[in-house]
Amino acid sequence: MPYDIDLIRSEFPSLAVTDDNQARVYFDNPGGTQICQRSIDRMNDYLVRANTNTHGPFITSRLTDHLIEETHEALADFVGASDPGEIVFGQNMTTLTLHLSRSIGRTLGPEDEVVVTRMDHDANISPWLLMARDAGCTVRWIDFDPSTYRYDLASIDAAITSKTKLVAVNYASNAIGTVNDVAMVVERAHAVGALVYVDAVQFAPHFLTDVNAINCDFLTCSAYKFYGPHQGLVWGRRELLESLEPYKVRPADNTLPSRFETGTQSHEGMAATLGAIDHFEWIGATMGGGGETRRDRLTSGFKVMAEYEKDLCQHLVDGLLAIPGVTVHGLTASEDMSDRVPTVGIVKAGEHPDAMAEKLAAANIFVWPGHYYAIEVIERLGLTDAGGMLRIGLGQYNTREEVDALLNVLDS
Ligand SMILES: Cc1ncc(COP(=O)(O)O)c(C=O)c1O
């Protein structure tokens, strides 16, 4: 079966919600997607049948332990890792990154350097700036070219030196949508013995992540951006997670992944995250080529979904470029569509992004104006004083008709 958009949409109950009989158009996906039915079902089931704390001798606790194990296994498959102990859950990407930066910072000193980029969301910048401040490290920056929307390779060469200990890099931008060649950055960082921390929050909803292919040391993403609940996770190499000192309480288990999963976790969140993985697997099994293992099914699911999103993104970009006064800040050529996620930042001459978002909201079309914490991107594009950009973020359930409705409002 080819990608069946009606079937996909039927898996998202919130898509049927209307306001005064007006349908909702969710283009606010980069800020958080709608949740799929499988996530809701898994969460409900956990809360009804298994809700309690861990490591007890009774049935609910055993079910909870089992769920936690199952979810770590599923998420290891999701990021392409083989060791479920390398998956650490937490409240969100920001909290997990601040948490890990504290442990990594203990290994650094004034002679060391840390590299961050101008294309990142601040959640992959500020934790490292704070860490560098506390450890007395020097901070260097990787820049991007505001005319090509790609990393400036010369600035990568200049930023990564023999003193670099950590490079924090983004896989896909939450503002301009570029998918970066992180494997190349990892190669350069590893050549000088530096670790690489990859922010895959905006990549993971659109393409299947493979930590082995990019060979990074840490990779983080958030389930609420890929049709799951509000929860974050980070994958890290076992030897690193075992050698770093976790900031934890004394009685807490010191083995992986528990040593970094502080306090009582959101078990219902884990259940719902597992449901989101089930959902991608279901796409692969029904609309993709299927496959024997969960990873195979995820691979085929992401393949058909990415093709659909690519076409839809091209349709959006072409429509935007045809509107007088609109500038798309990001890759627009058809040959570049595979190098971007369908998150499109625009400005329109004479219109403030806030006003455009209000106008779209009046038509029940949801988009974000502003900087969405990508403050360095907006500054680099010279758009800070102009109120940033309007961000239109497509997801797996959006349609051409919805895109056309948005284009009509923007063209009016
Ligand atoms: C690229 C990117 N990184 C990090 C974050 C922060 O994620 P969280 O809300 O899970 O902390 C976001 C959120 O929008 C993001 O888009």
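Residues numbered from 1 in each chain as written. Predicted model: local features only at pLDDT ≥ 70, side-chain atom pairs only at ≥ 80, totals over all residues.

## Structural notes on the pairing of strand 4 (residues 87–90)
Cut-off, in case you're wondering: Burial is judged by counting other C-beta atoms within 10 Å of a residue's own C-beta: 20 or more means buried, 12 or fewer means exposed, and anything between counts as partly exposed, with every C-beta placed from the backbone. Put simply, DSSP marks the helices as runs of H or I at least four residues long and the strands as runs of E at least two long, and each gets a number from the N terminus on. Two strands pair under a simple rule: DSSP has to find at least two bridges between them.
Here strand 4 shows no split at all, with I87 and F89 on one side and V88 and G90 on the other all buried. Pairing of strand 4 with strand 12 (residues 232–236), which is carried by four bridges, proceeds in the antiparallel orientation. Among the inter-strand pairings, G90 is bridged to a residue of strand 12, identified as G232.

## Topic: the site of the ligand
Defined as follows: Whether a residue is near a molecule or strand depends on its C-beta atom, placed from the backbone, lying within 6 Å of it. Classification convention: Asp, Glu, Lys, Arg as charged; Ala, Val, Leu, Ile, Met, Phe, Trp, Tyr, Cys, Pro as nonpolar; all other residues, Gly among them, as polar.
Close to the ligand lie 14 residues; N92, T94, H121, N174 and S222 are nearest. Classifying every residue of the shell around the ligand gives four nonpolar, nine polar and one charged.

## Topic: the domain arrangement of the protein
Rules: Domain borders in the structure are assigned automatically or taken from a domain database. Placing a C-beta atom from the backbone of each residue, one calls two residues in contact when those atoms lie within 7 Å.
Splitting the protein by domain gives domain 1 (5–35 + 295–411) and domain 2 (42–276). When each unit is reduced to the centre of its C-alpha atoms, the spacing between domain 1 and domain 2 is 26 Å. Contacts between the two partners involve 33 residues from domain 1, matched on the other side by 32 residues from domain 2. Those elements giving two or more residues to the side of domain 1 that touches domain 2 turn out to be helix 11 (294–321), strand 14 (343–348), helix 13 (375–380) and strand 17 (389–393).

## Quick word on the sheet that holds strand 4
For clarity, the cut-off: Here an axis means a line fitted to C-alpha atoms, over the contact stretch when the element is a helix, while the angle between two N-to-C directions is reported on a 0 to 180 degree scale.
As summarised here, the arrangement of the seven strands in space is 4-12-11-10-9-5-6, forming an open sheet in which the pairing is mixed. At either margin of the open sheet sits one strand with a lone partner, and together these are strand 4 and strand 6 (138–142). Shown here is a sheet whose adjacent strand axes are inclined to one another by a mean of 20°, direction ignored. Across three bridges, the pairing between strand 5 (residues 113–117) and strand 9 (residues 164–170) is parallel. Across the sheet, V115 pairs through a bridge with V167, a residue of strand 9.

## Considering the sheet that holds strand 14
Reading across from one edge, 13-14-17-16 is the order of the four strands in this open sheet, with antiparallel pairing throughout. A single partner strand is all that each edge strand has here, and the edge strands are strand 13 (326–328) and strand 16 (368–370). Pairs of neighbouring strands in the sheet enclose a mean axial angle of 30°, with direction left out of account. As paired strands, strand 16 and strand 17 are joined by three bridges and run antiparallel to one another. Within strand 17, the position partnered with W368 by the bridge is R391. The strands that helix 11 touches are strand 13, strand 14 and strand 17; relative to strand 13, the one it contacts most, it runs at about 145°.

## Structural notes on helix 10 (residues 267–286)
Condition: The span you would expect from a helix comes to 1.5 Å times its residue count less one.
Look at helix 10: 28 Å from first C-alpha to last across 20 residues, which is about the 28 Å you get at 1.5 Å a residue. With respect to burial, helix 10 is a largely interior element, 15 of its 20 residues being buried.

## Looking at the nonpolar core
Rules: Buried Ala, Val, Leu, Ile, Met, Phe, Trp, Tyr and Cys residues form a nonpolar core when they are connected through C-beta atoms within 7 Å.
In this structure, L166, V167, V196, V198, C216 and L316 are the most contacted members of the largest nonpolar core, which totals 126 residues. Looking at which element gives the most residues to this core, the answer is helix 11, with 10 residues. Of the residues that make up this core, three or more belong to each of domain 1 (5–35 + 295–411) and domain 2 (42–276).

## Some details on helix 4 (residues 93–105)
Given a rise of 1.5 Å per residue, 13 residues ought to cover 18 Å, and the 18 Å separating the end C-alpha atoms of helix 4 matches this to within 8%. Of all the residues in helix 4, the buried ones are M93, T94, L96, T97, H99, L100, S101, I104 and G105. Considering only its buried residues, helix 4 is in contact with strand 4, helix 5 (126–135), strand 9, strand 10 (195–199), strand 11 (218–222) and strand 12.

## Digging into unusual backbone geometry
Here the bond from L256 into P257 is cis, since omega is 0°, no more than 30 degrees from zero. On the secondary structure map, P257 appears in the loop between helix 9 (238–243) and helix 10. Positive phi, normally seen in glycine, also occurs at Y227, with a value near 75°. With respect to the element layout, Y227 can be found in the loop between strand 11 and strand 12.

## Here's the deal with the packing of helix 10 against helix 11
This is how the line gets drawn: Angular relationships are summarised with four words: roughly parallel below 35 degrees, roughly antiparallel beyond 145, roughly perpendicular across 65 to 115, and oblique for the angles in between.
Between helix 10 and helix 11, whose axes approach to 7 Å, the crossing angle comes to 80°. It follows that helix 10 is roughly perpendicular to helix 11 by the angle criterion. Each of F280, E281, I283, G284 and A285 in helix 10 lies in contact with helix 11, whose residues at this interface are R294, R297, L298, T299, S300, G301, F302, V304 and M305. Looking at side-chain class alone, the contact of helix 10 with helix 11 contains seven nonpolar, four polar and three charged residues.

## Things to note about the packing of helix 11 against helix 14 (residues 400–411)
Note the threshold: Crossing handedness: left-handed means the near helix sits turned counterclockwise from the far one by under a right angle, and right-handed means the same turn made clockwise.
Where helix 11 meets helix 14, the closest approach of the two axes is 10 Å, and the angle between their N-to-C directions is 15°. Put simply, helix 11 runs roughly parallel to helix 14. The chirality of how helix 11 crosses helix 14 is right-handed. Contacts between helix 11 and helix 14 involve L312, H315, L316 and G319 from the first element and R400, V403 and L407 from the second. Residues of the contact of helix 11 with helix 14, tallied by class, amount to four nonpolar, two polar and one charged.

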